[in-house]
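Architecture and fold: a report
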Amino acid sequence: MHESVADYVAEHPKMAGVLFTALLLLTQAAPAAANAVVSNPGP
């Protein structure tokens, strides 16, 4: 078992790109989802 994320990425360098891409997508999706909820202010 890996002690930390740094140890895991050190053993699997390609996963650094996967983790970075996932983080990038999540940081872009959260504001878009928040804007969709606020777009209908109600009466």
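Check the entry above for the structure.
Scope of this entry: the structure provided in the associated data block. Remember, predicted model here, so these are calculated numbers, not experimental data.

**Quick notes on the overall build of the chain**
A tally of helices and strands in the chain yields two helices and zero strands. Counting all 43 residues of the chain, 0% fall into the buried class. For the chain, the exposed surface amounts to about 3900 Å²; the carbon and sulfur share of it is 70%.

**Quick word on the environment of A16**
Secondary-structure assignment places A16 in helix 2 (residues 14-38). Residue A16 is classed as partly exposed on the basis of its relative accessible area, which comes to 33%. Residues A16 and A6, spaced ten residues apart in sequence, show a C-alpha to C-alpha distance of 9.5 Å.

Criteria and cut-off values
Residues numbered from 1 in each chain as written. Predicted model: local features only at pLDDT ≥ 70, side-chain atom pairs only at ≥ 80, totals over all residues. Heavy atoms only, no water. Helix = DSSP H or I, 4+ residues; strand = E, 2+ residues; numbered from the N terminus. Buried < 20%, exposed > 50% of the residue type's maximum accessible area, 1.4 Å probe, protein only. Areas by Shrake-Rupley, 256 points an atom, 1.4 Å probe, with all protein chains shown as cover.

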